[in-house]
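Here are the chains, one letter per residue:
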Amino acid sequence: DDDDARARANANANDATARAGTTAAARAEDLDDVATLTTTERYLRVTRAVDEAMERDGMDGATTTASGKRAGAIDEGAEALVVECNALTVEVDNEVAVVHQYIKDRYKSKFPELESLVLHPIDYARVVKAIGNEMDMMGVELDGVLPSATIMVVSVTGSTTSGQPLSESDLEKTLRACDRALELDEAKKKMFNYVATRMADTAPNLSAVLGSDIAAQLIGIAGGLHALSKMPACNVQVLGSKKKATAGMSSASAVRAGDLHAGFIYDCDIIQKKTPPAWRSKAARLIGAKCSLMARVDAYGESPDGATGKKFAEEIMKKIEKWQEPPPARTAKPLPAPGVEQKKRRGGRRARALKERYGLTDMRKAANRVNFNEVEEEVGYDGEGLGTLGSAAGSAAVAGRMRLAAKAAKLIKTDNKGGKSTFASTAGTSGMASSLAFTPVQGIELVNPNRTASDGPVSGTDSVFSERRGFSNVARQLKR
């Protein structure tokens, strides 16, 4: 908790110092009044120690061990010097911002549009030093300072600018400030190089994923290994990103190219050499997440041999290769063999419910039937036939009587005792039946051949257990 509070306090102090320095740079007349870092005892001591260590490493004939480490390159105070270099690089960045503001305030009367065309402080100082008080931009050489596209924009804008040449004193102060900015940037590079040579022991796992130089830049801009381990992965990904000058154009192309939020991670070997351009943005997000984990592993001294970092690097490469694989080809389903009946799929509750939902209703079944030798009724302009429904049948079906008639039709069964249909009146008459009957009383009589025994007295058993007999209301009989 104390370390977290101290880190937050240092970060807030650095931000406040940078803001106060940029505000004071706008009011100061002399550069030494606002940019005082190069004269401090700490800056001089750290830069001198870094120079001595780099010279000693180059002169002592250090060899390389079988594991890849430089033997004899680490002395007793190397770890403390690495921490001091990481902390000092943040202060150098703040000092560069102050000097940049000082240069802009002095040079805007000569070339006011330049600060919107060249956004990086070091590039701005180099351009100002190259242009100086020259009004004819055709004689200014900017090939080794800016990209070709930016050189063309700066040249055209500088030829049509409304600025006026600076006085000798202002020009001298401006060029001196440019030299100060370049000096600070050179000292920062030396500290980065020193930390990069020590990264195999300081952050072995992070170096295994990014490389020593990129890992050193991340640790330096974050303010130390512990500060980097406390950052979320989304912030680690954009550490070191530069603001892009779109020159009035849309930033959609920069977003598609992945250059809009490209930090130090974007320059590592995995992205630049082993990832296609279309997958670099996605790979940068993946590597940013892994670097956040590796920084925590290194900050707390776990896996000092870098095995965890090598394992994560292999996983990253496998994922990038997996992204580039084409999708699996669709397999064509073979046609069924001719003459072979397909196997019916098993039904179930869902299948039955779906069949009932989309099945034919009783009205539709009746509308699809047509009686023999009867004219079918039609409705509508298109003449849609009603089948056996008809106008009267249709209203009856709507009223629900068709369903009752269908149930009554199912009751036509053979009687168990008489062997005749329970609805004898609807049954057909035998071809041998005759309307003449011989009786002992009158001789020949005319009788109805369709008359059945059911017209006579019915036995008690048949009347009670007949399928046509309904239920009697017992409660109503008791009231009587």
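The structure displayed is predicted, hence computed values, not measured ones.

Each value, and the rule that gives it
Residues numbered from 1 in each chain as written. Predicted model: local features only at pLDDT ≥ 70, side-chain atom pairs only at ≥ 80, totals over all residues. Heavy atoms only, no water. Phe/Tyr/Trp six-rings, centres within 6.5 Å; stacked < 30°, edge-to-face > 60°. Lys NZ or Arg CZ within 6 Å of the ring centre and 35° of its normal. Helix = DSSP H or I, 4+ residues; strand = E, 2+ residues; numbered from the N terminus. Contact = heavy atoms within 4.5 Å. Core = buried A, V, L, I, M, F, W, Y, C linked by side-chain atoms within 4.5 Å. Buried < 20%, exposed > 50% of the residue type's maximum accessible area, 1.4 Å probe, protein only. Salt bridge = Lys/Arg side-chain N within 4 Å of Asp/Glu carboxyl O. Axes fitted to C-alpha atoms, helices over the stretch in contact; angles between N-to-C directions. Parallel < 35°, antiparallel > 145°, perpendicular 65-115°, else oblique. Left-handed = near helix turned anticlockwise from the far one by under 90°. Nonpolar A, V, L, I, M, F, W, Y, C, P; charged D, E, K, R; others polar.

J.: If you had to explain the packing of aromatic side chains to someone new, which residues and values would you point to?
T.: Aromatic rings considered in pairs are described by the distance between their centres and by the relative angle of their planes. For the coordinates displayed, the defined rule picks out one aromatic pair. When the ring centre of tyrosine 102 is taken as reference, the NZ or CZ atom of arginine 106 above it lies at 4.6 Å. Over the aromatic face of tryptophan 323 sits the side chain of lysine 282, whose NZ or CZ is 4.5 Å from the ring centroid.

J.: Outline the side chain of serine 292, listing residues and values.
T.: Its place among the elements puts serine 292 in helix α15 (residues 280-299). Those residues within four positions of serine 292 in sequence are excluded, and the remaining contacts are Met231, Pro232, Ala233 and Val236.

J.: How would you summarise the nonpolar core if you had to cite specific residues and measurements?
T.: Leu114, Val154, Leu206, Leu210, Leu228 and Ile287 are the most contacted members of the largest nonpolar core, which totals 82 residues. At 11 residues, helix α3 (residues 78-107) tops the list of elements feeding residues into this core.

J.: Just give me the short version of the pattern of salt bridges, but keep the residues and values in it.
T.: Tallying each qualifying case throughout the model produces 12 salt bridges. When the shortest N-O distance is used, the salt bridge between arginine 45 and glutamate 41 registers 3.5 Å. Remark: glutamate 41 and arginine 45 occur in helix α2 (residues 41-59); sequence separation between them is four residues, near one turn of the helix. With a relative accessible area of 31%, arginine 45 lands in the partly exposed category.

J.: Could you give me a rundown of the packing of helix α5 (residues 121-131) against helix α7 (residues 168-197), with the residues and numbers involved?
T.: Interaxial distance between α5 and α7 falls to 9 Å at its minimum, and their mutual angle equals 140 degrees. Relative to α7, the element α5 lies oblique. α7 is crossed by α5, and the crossing has left-handed handedness. On α7, the residues that touch Ile122, Ala125, Arg126, Val128 and Lys129 of α5 are Thr174, Leu175, Cys178, Asp179, Ala181, Leu182, Asp185 and Lys189. For the contact of α5 with α7, the per-class residue count stands at seven nonpolar, one polar and five charged.

No statement about biological role is implied by the geometric values presented.
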